[in-house]
Amino acid sequence: MKALMTIWLSAMLLMFSTLAQADLTIEITRGSDRATPIAIVPFAADGESLSEDVAQIVSDDLERSGFFDPLEREAMYDRPSSGDEVRYGQWSALDVRYMVVGRVSREGNGYRIRYELLDVSGQSRMLGENVTAGGSEMRGAAHYISDQIFEAVTGIRGAFSTRIAYVTAQGAENDRQFTLYVADADGHNSQQILNSREPILSPAWSPDGRKLAYVSFESGRPAIYVQEVASGQRAQLTNFEGLNGAPAWSPDGRRLAMTLSKDGQPDIYVMDVASRNLERITNSSSIDTEPSWAPDGRSLLFTSDRSGGPQLYRYSFGSGEAERLTFTGNYNARGRFSPDGESIFMIHRGNNGFQVARQDLDSDRLVVLSDSRLDESPSVAPNGTMVIFATQQGNSGVLGAVSADGRASYRLPSAQGDVREPAWSPFLN
Amino acid sequence: MQFKSHARTLAIALSLALVAGCSSTGGSRDGSMDGTGTGGAAGSGAAGSGQVSGSGVSGDRAGQQADGRIPEVRTIYFDYDRDNIRPEFESVLVAHSRYLRSNPSARVVLQGHTDERGTREYNLALGERRAKSVQRFLEVQGVSPSQLEIVSYGEERPAARGSSDDSHAQNRRVVFAY
């Protein structure tokens, strides 16, 4: 009887935890042929068994980026935990360019992680650092280490300590449950932000990473809300007749570009968040929507069908003019700038359906990046190396990610229903 | 009295012609934006009209109902990337117009929907365009604007799941929600 009770209780707990969380897993679908070989040796653990395998988390981070090709653990002859113990000849025979070694030890209520990044051919140490972490902060510490290694080798700031927002939809069509989540960039530590029986879409991070703007139909019609991620405190920002959509923060976080159709057709407006004053940006008889700010805040990218089908245009605040940017194909929508402002990412319809594409603004050449067919909602990592997007796998919505050069890709499936509307956070540290 | 109802019939006929003119302009504009879509549209359009002709017939029945009851057919369907009213649904809209004119306190939300293809916010705009096309039709028929409200759900509330042409055809719709 008691045993039965325990089983029942743990079943309850399991059910509760699956309801409360919607963590995503990662499946690498394509590795880059240009990935740098690296050996991330399992960290020594001073006799204790740890809840998290730090070296594995670092290895997964680096592999996912497409920049690194971590050596399998089975191929490692020995497992040094500091640079002094490394026999370089052995590792260079395995064609490894870099190595990471480390040790985890107890410190107070948490842990101290000592790691080193080694250049195998130069037989030298590139990085060595002690990281302290609370008992529940091991994953965060591992992502921090990944960031340091990534930057030391590539010269690009790592984005492993960032987060993603996304929306799940579960249940039958007449009994749908929509939930807005925030999770770590690797899909772990998901946290529920908003739950509704009406659609939620278009989450957008404020530039300081503290707030999300989004569209919710909870009142029976679309409205834009702004919510603090940490406290859950929120405010309804718009309640105009017609569309209230596509919120996008200005780089200084003071203004939100959005789509409103209160004056007839959908047009782009900019709202000053503090005063809620509205400025109308476009005024055309066509659909103008999906605004996105250039990193310098001087222009807005948006979708318009003023020339027939949807194409991307750039509105300059200086001139007050909009210029068409895309000419390849007859459907280019939902544009997003790269962080350096030199490229745009979008959904492009070609012979293979709706796919994520990149266009470099100096050459105007468009390159398709994804290999799925029903892609939506591209969102660029703050370091510009990856684009996360929504796509279909079977009959389910899943998130996918592809490197900015299209060489590497991965998927983030979920056990729970459809996942869509990803938004990659800015740098948070 | 007789003259009055005659005049009304005439007004309806005129307004129908007017709307037909309006919507066909809208239609051809939509058509021109859609080069590659035509192949897919022809396929899904065919699937759509097959599936939809049944409700078109019941739409005619709905048109003969007493004015006191909300017409039974409350969904009309659209071609890919289009917002023009297909001829087979005009009788459905006429029935709703008649009901709304006879019941001035009745209100309806015109819910615009699209299929899953393309981007979500753009689809919200397309769904609104479809609902507005119905709104224009009803207003030309003499329905008071205060009785009509528009909410576009874009691709957020599909009627049918899956990515088949048939599912897509069922999802490109405007629903009368009384």
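## Thoughts on the overall build of chain B
So, point 1. Helix and strand counts for chain B come out as five helices and four strands.
So, point 2. Secondary structure elements of chain B occur, N-terminal to C-terminal, as α-α-β-α-β-α-β-α-β.
So, point 3. A burial count over chain B gives 53% of its 178 residues as buried.
So, point 4. Element-wise, carbon and sulfur atoms account for 56% of the exposed surface of chain B, whose accessible area totals about 7500 Å².

## Observations regarding the confidence of the model for chain A
So, point 1. The predicted model of chain A has a mean per-residue pLDDT of 93, with 95% of residues at 70 or higher.
So, point 2. Across residues 1-19 of chain A, where pLDDT falls below 50, the model places three contacts with residues more than four positions away in sequence or in other chains.

## Some details on the interface of chain B and chain A
Note on interface size: it is often stated as the accessible area lost on association of the parts.
So, point 1. Residue-level contacts link 31 residues of chain B with 44 residues of chain A.
So, point 2. A buried area of about 3200 Å², summed over both sides, lies between chain B and chain A, and 47% of it is on carbon and sulfur atoms.
So, point 3. Connecting chain B to chain A are eight salt bridges.
So, point 4. Linking chain B with chain A are 18 residue pairs in polar contact (both at pLDDT 80 or more), by the criterion used here.
So, point 5. Mapped onto the side of chain B that touches chain A, the elements with two or more residues apiece are α4 (120-140) and β3 (148-154) of chain B.
So, point 6. Ranked by the residues each element gives to the side of chain B that touches chain A, the list is headed by α4 of chain B, at nine residues.

## Here's the deal with the packing of aromatic side chains
Residue and element names in this part refer to chain A.
So, point 1. In the structure shown here, the tally under the stated rule is 13 aromatic pairs over all chains.
So, point 2. Judged by centre distance (5.0 Å) and plane angle (85 degrees), the ring pair of Tyr-331 and Phe-354 falls under edge-to-face. Residue Tyr-331 is found in the loop between β21 (322-324) and β22 (332-337), and its partner Phe-354 is found in strand β24 (residues 353-360); the two are separated by 23 residues along the sequence. The two residues Tyr-331 and Phe-354 agree in class, both being buried.
So, point 3. Grouped by ring-pair contacts, the aromatic residues Phe-67, Phe-68, Phe-150 and Phe-160 constitute a single cluster.
So, point 4. Here the basic side chain of Arg-157 rests over the ring of Phe-427, its NZ or CZ set 3.7 Å away from the ring centre.
So, point 5. One cation-aromatic arrangement involves Lys-262 over Phe-240; the distance from NZ or CZ to the ring centre is 5.4 Å.

## Focus on the sheet that holds strand β15 (residues 255-260) of chain A
Residues and elements named next belong to chain A.
So, point 1. Ordered in space as β14-β15-β16-β17, the four strands form an open sheet in which the pairing is antiparallel. Edge positions in the sheet fall to β14 (244-249) and β17 (278-280), since each of these pairs with one other strand and no more. Going across the sheet, the axis of each strand differs from the next one's by a mean of 30 degrees, ignoring polarity.

## Brief notes about the side chain of Glu-173 of chain A
So, point 1. With respect to the element layout, Glu-173 of chain A can be found in the loop between β7 (163-170) and β8 (177-184).
So, point 2. Side-chain polar atoms of Glu-173 of chain A contact the side chain of Arg-161 of chain B, separated by 3.1 Å.
So, point 3. The contact partners of Glu-173 of chain A, leaving out residues within four places of it in the chain, are Arg-157, Pro-158 and Arg-161 of chain B.

## Regarding helix α3 (residues 90-102) of chain B
So, point 1. For α3 of chain B, built from 13 residues, the straight-helix expectation of 18 Å at 1.5 Å per residue is met to within 8% by its first-to-last C-alpha distance of 18 Å.
So, point 2. Three or more residues of α3 of chain B are buried, namely Val-92, Leu-93, Val-94, Ala-95, His-96, Ser-97, Tyr-99 and Leu-100 of chain B.

Cut-offs applied
- Residues numbered from 1 in each chain as written.
- Chains lettered and ligands numbered in written order.
- Predicted model: local features only at pLDDT ≥ 70, side-chain atom pairs only at ≥ 80, totals over all residues.
- Heavy atoms only, no water.
- Helix = DSSP H or I, 4+ residues; strand = E, 2+ residues; numbered from the N terminus.
- Buried < 20%, exposed > 50% of the residue type's maximum accessible area, 1.4 Å probe, protein only.
- Areas by Shrake-Rupley, 256 points an atom, 1.4 Å probe, with all protein chains shown as cover.
- pLDDT = per-residue confidence, 0-100.
- Contact = heavy atoms within 4.5 Å.
- Buried area = accessible area lost by both parts, 1.4 Å probe.
- Salt bridge = Lys/Arg side-chain N within 4 Å of Asp/Glu carboxyl O.
- Polar contact = N/O pair within 3.5 Å; in protein donor to acceptor, adjacent residues only side chain to side chain.
- Phe/Tyr/Trp six-rings, centres within 6.5 Å; stacked < 30°, edge-to-face > 60°.
- Lys NZ or Arg CZ within 6 Å of the ring centre and 35° of its normal.
- Pairing = 2+ DSSP bridges.
- Axes fitted to C-alpha atoms, helices over the stretch in contact; angles between N-to-C directions.
- Expected span 1.5 Å × (residues − 1).

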